Amino acid sequence: MNPTIERLYAARDALARWQASPPPVAIATGSGYAWLVEQLEGARSIAFGDIPNMPLCRNPKHPGRFVLGTLFGHRVIVQHGRLHCYEGHRAEDVAFPARALALWGVKTFLLTNAAGAINPSFREGEFMAITDHINFIGQNPLTGLAFTEIGERFPDLSKLYDPDLVAGVQARIGARGTVLHEGVYGAMPGPSYETPAEIRMLRLLGADAVGMSTVPEAIALGQLMRRVFALSCLTNLAAGTALTPIRDDEIADVLERPEVRIDLETIIRGVLDAL
Ligand code: HPA
């Protein structure tokens, strides 16, 4: 058997011993979304270090744990702590937590991130549902031995970001006045922010927003035929269009704004209610 699958099965078995029945939905928290964990009722957590083979987070702000609980009336598991290729992780390791959750039995994934707005009609503090991506990270989590035990060697990604789920969310949030843009996510390797020339290139190629995450997990989940809803908070205007330099601490501040939190809560409720 492919050794990666054996490692995944060991992680899956540990999750099943911890909690026999998986929740229907998992939420991966990107930068600035840790606040979601505090919203969970009846929370129980398991550290990545207590699950065999789980790659450990290299970001001190992301401790690396799964937290199970109830969010807005729905049972969910939150992945608190994300791995990124720019930290030196391979795409396969970045996707490991999502794959382990999927093999345990989670069917739907909400992947959150912070992104720079490229589309000139988008404003800082608004949200975008990812409808497609362009992968410039330069890695793919399916690289290596085939995973034919769990999915196809050459999976089709034309509906990777579930269009029905996006439509279902739009139908639920419209009445509440929350704007949810839809668009293409340009995934860049980072960790430096892009140059203005790179942003002009991405815009020319059809990207509406730019970030450094999400795509490795989404591709792995697409292979496993899971439903994916990916949400970008547009925390800044992309390089070259912003009047001031892009700063990591200011990106986190955007997600702290009360009006942004309200929109985020509305969209996440929309996703959970649309399932
Ligand atoms: N570029 C890449 N990643 C990001 C950005 C950006 O402008 N903003 C938040 N994450």
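Everything discussed here concerns the structure shown above.
Since the structure is predicted, the reported quantities are computational estimates derived from the model, not experimental observations.

Q: Provide a residue-level description of the layout of surface pockets, including the pertinent values.
A: Empty space within the largest pocket amounts to approximately 670 Å³. Along the walls of the largest pocket sit 33 residues, with Ser31, Tyr86, Ala114, Asp248 and Ile251 positioned nearest its centre. Residue assignment for the lining of the largest pocket shows that the elements contributing at least two residues are strand 5 (108-117), strand 8 (209-211), strand 9 (227-237) and helix 8 (248-254). Lining the second largest pocket are 15 residues; nearest its centre among them are Asp156, Lys159, Leu160, Gly222 and Met225. Taken together, the elements giving at least two residues each to the lining of the second largest pocket come down to helix 7 (215-223) and strand 9.

Q: I'd like a description of the site of the ligand, backed by residues and values.
A: Near the ligand, the surroundings consist of Ala114, Ala115, Gly116, Tyr193, Glu194, Val210, Gly211, Met212, Thr235, Asn236, Ile246 and Ile251. Gly116 places a polar main-chain atom, nitrogen or oxygen, 3.4 Å from a nitrogen atom of the ligand. Asn236 places a polar side-chain atom, nitrogen or oxygen, 2.6 Å from a nitrogen atom of the ligand. Notes on the ligand: free accessible area 260 Å², of which the protein chains cover 95%.

Q: Account for the pairing of strand 5, with residues named and values stated.
A: Buried residues dominate strand 5, accounting for 10 of its 10 residues. Across four bridges, strand 1 (residues 25-28) lies against strand 5 in parallel orientation. Directly across from Ala28, in strand 5, lies its bridge partner Leu111. With 10 bridges connecting them, strand 5 and strand 9 associate as parallel partners.

Q: Talk me through the packing of aromatic side chains; I want residue IDs and the actual numbers.
A: Under the criterion given, the structure shown has two aromatic pairs. For the pair Trp18 and Trp104, a centre-to-centre distance of 6.3 Å together with 40° between the ring planes defines the contact as tilted. Of the two residues, Trp18 sits in helix 1 (residues 3-18) while Trp104 sits in helix 4 (residues 96-104), which places them 86 residues apart along the sequence. Both residues of the pair, Trp18 and Trp104, count as buried. Centre to centre, the rings of Phe48 and Phe66 are 5.0 Å apart; their planes meet at 55°, and the pair counts as tilted. Of this pair, Phe48 sits in the loop between strand 2 (41-47) and strand 3 (65-71) while Phe66 sits in strand 3, placing them 18 residues apart in sequence. Like Phe48, the residue Phe66 is buried in the burial classification. A cation over a ring is seen here: Arg12 above Tyr9, with NZ or CZ 4.2 Å from the ring centre. Its end group placed over the ring of Phe72, Arg269 keeps NZ or CZ at 4.2 Å from the ring centre.

Here is what the cut-offs are and how they apply
- Residues numbered from 1 in each chain as written.
- Predicted model: local features only at pLDDT ≥ 70, side-chain atom pairs only at ≥ 80, totals over all residues.
- Heavy atoms only, no water.
- 1 Å grid on protein atoms, 1.4 Å probe; cavity = no way out; pocket = protein on both sides within 12 Å on 5 of 7 lines; lining within 4 Å.
- Points joined across faces, edges and corners; volume = space filled by probe spheres on them.
- Helix = DSSP H or I, 4+ residues; strand = E, 2+ residues; numbered from the N terminus.
- Near = heavy atom within 4 Å.
- Polar contact = N/O pair within 3.5 Å; in protein donor to acceptor, adjacent residues only side chain to side chain.
- Areas by Shrake-Rupley, 256 points an atom, 1.4 Å probe, with all protein chains shown as cover.
- Buried < 20%, exposed > 50% of the residue type's maximum accessible area, 1.4 Å probe, protein only.
- Pairing = 2+ DSSP bridges.
- Phe/Tyr/Trp six-rings, centres within 6.5 Å; stacked < 30°, edge-to-face > 60°.
- Lys NZ or Arg CZ within 6 Å of the ring centre and 35° of its normal.

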